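# Chain and residue survey
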Amino acid sequence: MEKKPNPNVRMWQGNVACAEGAIAAGCRFFAGYPITPSSEIAEVLALRFPVVGGHFIQMEDEIAAMGAVIGGSLGGAKTMTATSGPGFSLKQENIGFAAMAEVPCVIVNVQRGGPSTGLPTHAAQSDVMQARWGTHGDHPIIVLSPSSVRETYDLTVRAFNLAEKYRMPVILLSDEIIGHLTEKIEIPDPSTIEIIDRKKPIDTPENYLPYKMDDSDIPAMANFGEGYRYHVTGLAHDETGFPTNDPEKIRAQMLRLNRKIQRFRDDIVEVETFNTDDMDVLVISFGSTARSVKRAVINAREKGVKAGLLRLKTIWPFPDKEIEALYKPVRKIVVAEMNLGQIAHEVEWATRREKPVVRVNKIDGEPITPIEIYEAIIS
Amino acid sequence: MDYLYYLREEKMPHIWCDGCGHGIILKSILRVIDKLGWEKDDIAMVSGIGCSSRTPGYVDFNTLHTTHGRAIAFATGLKIVKPNLHIIIVSGDGDATAIGGNHFIHAARRNTDLTVIIYNNYIYGMTGGQASPTTPIGKKASTAPYGNPDAPFDISRLAQAAGAAYVARSTVYHVGKTDRYIEQAFLKRGFSVVEIMTPCPTSYGRRNKEGNGVDMIMFQKKNSVGIERAQKMSEEELQGKIITGVFVDKEQNNYLQRYKEVIDKAKQINQ
């Protein structure tokens, strides 16, 4: 008997999985600007959105795309933009607005080599710190990092869920390798995908406080044009949303804004461990590089070196507790990343420099190979 | 009419200085809204940064005070998601045509169904009187202490060239005209721009010895020329004059109407 093809199996590129994951998550508005290596996300959505009831718009620049995404979200849609290095730099001011005004939205950064124009068609993982601190001021942010095409799909869905749940911008930090990698994947049945929507106000419009201080720390969000006439500003504001210079009110709101991350970090942080139970060497990585690490760990085990992998699916808030739970018994830590040590620095901080941290870095656009990581493990 | 019905009275006093024309523009906007009978829930006012951009804080609509220059970009997303909202963007000369110039011309090109009211006072007032893209050559500003070397934009002509469906210019002296133009702009199903000349005695008038707010408004009265009359005047005669009137009033499909065609075509191909 002939085998029936599985209708959920796809040969997809990471960027396609991102676009399709967004649709599955309920995203119906995308504003973007062409930039390599993220453009396929825009192209797929330009093709798909008109058919599924969504709206694609190519804006005049990266800044406008980020602005439109915030405006669309205030109207009640789940919204996304996608970009890479230079475009991510340009979006930063409006990302700060989304953090300050607590407007859910998803920003995809398919990382390429930098700084400046850098390496448009080659991979890097050097926007780790920019994703955390790119916009000015103390602000909350969530950053997720996929290591495969299927995970790009899943984490795109998760990015929307976290954005809606915590009322904040969420960054999907992909990279050129994952974005352009084509893999056979099986997509989940839509009915099995968990979808989270923003909390709607239960108060009457007269009593609605868009930045209400209550036990939840996450105020309910009304859509524009649905009877709740409120004010949204990037200025420091009080519970009503109107600007204030009152230090007490500013402090209360700013602490709540940043507390959202601290308080719910266990819900946000996700990691994957591989061969970590009896390990002597802990290798920490994320994104495309984690694929090379997995191979290096297997090779090291074959040679009798007990290596294990901790893969960061969430980068910010930083998985410090997860590292702390693993590092005590190990002899050394290896951090492999396509930058000059942005995660390694955090790892040293999280482990109080109690173990030697060996850095495997590459910044020439080439992926880090399993051999390079293997050598660091066994040395 | 009852202006207070539309105002957030508890947010008064406003931040605008004595002699500033911005309040006159706000009253024009509210009069037109009242005349058209628009519901407050159905209106969104969006702004960027600057004195004019503080307007949304004082009006009882859905109000959005965005980043500097970006009001049109935010409003574009909002309009797409909530097409039935009447979206009014209020912006200054610097906000709309310097830092936000790209969004301004592209919204005009796209013919998005938005109205932009530009409060043109030739200066960055809120930050203390720096030269703006409309400061005339030779006029003084805090960043042009010896006189401004840069040529100014003609905002209405810029909007016209970029493809706006409706463009008009008035002054705060010509309140009747201002009301009429705002009404026409609000009713236009496309990108509409009303540029209104407004005095900034504090940051512009004082430095350029143009007197107080009243003096500056009287200057507008004396030096405004209707667009029909201006067409018969030489360039020399028009030096220092404010050309008022309707520059563009045309019917063309707006952005969302054209995107509807995209949807129809996509569905046809993919069925």
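Residues numbered from 1 in each chain as written. Chains lettered and ligands numbered in written order. Predicted model: local features only at pLDDT ≥ 70, side-chain atom pairs only at ≥ 80, totals over all residues. Heavy atoms only, no water.

Summing up its helical and strand segments, chain B has 10 helices and 10 strands in all. The C-alpha radius of gyration computed for chain B amounts to 19 Å, which stays within 12% of the reference 18 Å derived for 271 residues, consistent with globular compactness. When the 271 residues of chain B are sorted by exposure, 56% land in the buried category. A sequence separation of at least 24 residues applies to 68% of the contacts in chain B between residues at least 6 apart. Summed over all atoms, the accessible surface of chain B reaches about 11,500 Å², with 51% contributed by carbon and sulfur. Averaging the locations of the 33 positively and 27 negatively charged side chains of chain B gives two centres separated by 3 Å. (Helix = DSSP H or I, 4+ residues; strand = E, 2+ residues; numbered from the N terminus. Rg over C-alpha atoms; globule rule 2.2 N^0.38 Å. Buried < 20%, exposed > 50% of the residue type's maximum accessible area, 1.4 Å probe, protein only. Contact = heavy atoms within 4.5 Å. Areas by Shrake-Rupley, 256 points an atom, 1.4 Å probe, with all protein chains shown as cover. Lys, Arg positive; Asp, Glu negative; His and termini not counted. Charge placed at Lys NZ, Arg CZ, Asp CG, Glu CD.)

Before going further, it helps to spend a moment on the packing of aromatic side chains. All told, the structure shown has 15 aromatic pairs over all chains when counted by the stated rule. Pairing Y208 of chain A with Y228 of chain A gives two aromatic rings, centres 5.1 Å apart and planes at 75 degrees, and the pair type is edge-to-face. Of this pair, Y208 of chain A sits in the loop between β9 (182-186) and β10 (231-233) while Y228 of chain A sits in the loop between β9 and β10; the two residues are 20 residues apart in sequence, bridging distant segments of the chain. Grouping residues by exposure puts Y208 of chain A and Y228 of chain A together as buried. A connected cluster of aromatic rings, assembled from ring pairs, spans Y208, F224, Y228 and Y230 of chain A. One cation-aromatic arrangement involves R132 of chain A over W133 of chain A; the distance from NZ or CZ to the ring centre is 3.8 Å. Note that K40 of chain B overlies the ring of Y5 of chain B, its terminal NZ or CZ placed 3.7 Å from the centroid. (Phe/Tyr/Trp six-rings, centres within 6.5 Å; stacked < 30°, edge-to-face > 60°. Lys NZ or Arg CZ within 6 Å of the ring centre and 35° of its normal.)

This next bit is on the pairing of strand β8 (residues 192-197) of chain B. On any regular strand, side chains alternate: one points to one face of the sheet, the next to the other face. All names here are of chain B. With 6 of 6 residues buried, β8 is to be regarded as a mostly interior element. Side-chain alternation along β8 places S192, V194 and I196 on one buried face and V193, E195 and M197 on a second face that is also buried. Across 6 bridges, strand β4 (residues 115-120) lies against β8 in parallel orientation. Paired with T115 across the strands is S192, a residue of β8. (Pairing = 2+ DSSP bridges.)

With 41 residues of chain A in contact, the opposing surface of chain B contributes 39 residues. Carbon and sulfur atoms make up 61% of the area that chain A and chain B hide from each other, which totals about 3,200 Å². Taken as a group, E60, F224 and R229 of chain A account for 22% of the area that chain A buries against chain B, more than any other trio of residues on that side. There are 4 salt bridges connecting chain A and chain B. R110 of chain B is the salt-bridge partner of E60 of chain A, the closest N and O atoms lying 2.9 Å from each other. Linking chain A with chain B are 18 residue pairs in polar contact (both at pLDDT 80 or more), by the criterion used here. Secondary-structure elements contributing two or more residues to the side of chain A that touches chain B are α2 (39-52), β3 (55-58), α3 (62-74), α4 (85-101) and β10 of chain A. (Buried area = accessible area lost by both parts, 1.4 Å probe. Salt bridge = Lys/Arg side-chain N within 4 Å of Asp/Glu carboxyl O. Polar contact = N/O pair within 3.5 Å; in protein donor to acceptor, adjacent residues only side chain to side chain.)

Next up on the list: the pattern of salt bridges. Where charged atoms from two side chains of opposite charge come close, those side chains can pair. All names here are of chain A. Scanning the entire structure with this criterion turns up 43 salt bridges over all chains. A salt bridge links E183 to R291; the shortest N-O distance between them is 2.4 Å. Within this pair, whereas E183 is found in strand β9, its partner R291 is found in helix α10 (residues 289-302), the two being separated by 108 residues in sequence. Given a relative accessible area of 32%, R291 falls into the partly exposed group.

In terms of domains, chain A is made up of domain 1 (9-192), domain 2 (205-266) and domain 3 (271-378). When each unit is reduced to the centre of its C-alpha atoms, the spacing between domain 2 of chain A and domain 3 of chain A is 39 Å. (Domains from an automatic or database assignment.)

Let us now look at the nonpolar core. Counting 133 residues, the largest nonpolar core has I41, M80, I284 and I343 of chain A together with F191 of chain B as the members making the most contacts within it. No other element matches the 9 residues that helix α6 (residues 149-166) of chain A contributes to this core. When neighbours within four sequence positions are excluded, I41 of chain A is seen to be in contact with N15, C18, A19, F30, M80, A82, V108 and V110 of chain A. The next biggest cluster of nonpolar side chains, apart from the first, holds 29 residues, and it includes V32, Y58, Y166 and I182 of chain B. (Core = buried A, V, L, I, M, F, W, Y, C linked by side-chain atoms within 4.5 Å.)

Here we take up the sheet that holds strand β11 (residues 271-274) of chain A. Across a sheet, strands are paired by hydrogen bonds formed along the backbone, either parallel or antiparallel in direction. Residue and element names in this part refer to chain A. Here 5 strands make up an open sheet; going across it, the order is β11-β13-β12-β15-β16 and the pairing mixed. The outermost strands of the open sheet, each flanked by one partner alone, are β11 and β16 (357-361). Across the sheet, the mean angle separating the axes of adjacent strands is 20 degrees when strand polarity is ignored. By the bridge criterion, 4 bridges tie β11 to strand β13 (residues 307-312) in an arrangement that is antiparallel. Note on β13: the bridge partner recorded for V271 is L312. Against the sheet, helix α11 (residues 320-327) contacts β11, β12 (281-285), β13 and β15 (332-337), and its axis sits at roughly 165 degrees relative to β12. Relative to β15, helix α12 (residues 342-350) is tilted by about 155 degrees, and along the sheet it contacts β12, β13, β15 and β16. (Axes fitted to C-alpha atoms, helices over the stretch in contact; angles between N-to-C directions.)

Residue and element names in this part refer to chain A. Where helix α1 (residues 14-25) contacts α2, the two axes come as close as 8 Å, and the packing angle between them is 35 degrees. Note that α1 runs across α2; the crossing there is right-handed. Contact residues: α1 offers N15, V16, C18, A19, E20 and I23, while α2 offers E40, I41, V44, L45, R48, F49 and V52. Here the contact of α1 with α2 is built from residues that sort into 9 nonpolar, 1 polar and 3 charged. (Left-handed = near helix turned anticlockwise from the far one by under 90°. Nonpolar A, V, L, I, M, F, W, Y, C, P; charged D, E, K, R; others polar.)

Turning next to the environment of Y173 of chain B. All names here are of chain B. By the element assignment, Y173 lies in the loop between β7 (166-171) and α6 (175-187). Judged by its relative accessible area of 33%, Y173 is partly exposed. A sequence separation of 61 residues divides Y173 from S234, and the C-alpha atoms of the two residues are 24 Å apart.

Right, let's get into the environment of I107 of chain A. All names here are of chain A. Residue position: I107 is located in strand β5 (residues 105-113). The exposure class assigned to I107 is buried, which follows from its relative accessible area of 0%. Spatially, the C-alpha atom of I107 lies 36 Å from that of N299, the residues being 192 residues apart in sequence. When near neighbours in sequence (up to four residues on either side) are disregarded, I107 contacts M66, T81, F88, K91, I95, P169, V170, I171 and L172.

Our next topic: the state of the cysteines. Here, the word disulfide means a covalent bond between the sulfur atoms of two cysteines. For the structure on display, the rule yields 0 disulfides over all chains. There is no disulfide at C27 of chain A, and the cysteine sulfur nearest it, in C18 of chain A, is 9.1 Å away. Distance from the sulfur of C200 of chain B, which forms no disulfide, to the nearest cysteine sulfur (C17 of chain B) is 6.4 Å. (Disulfide = S-S within 2.5 Å.)

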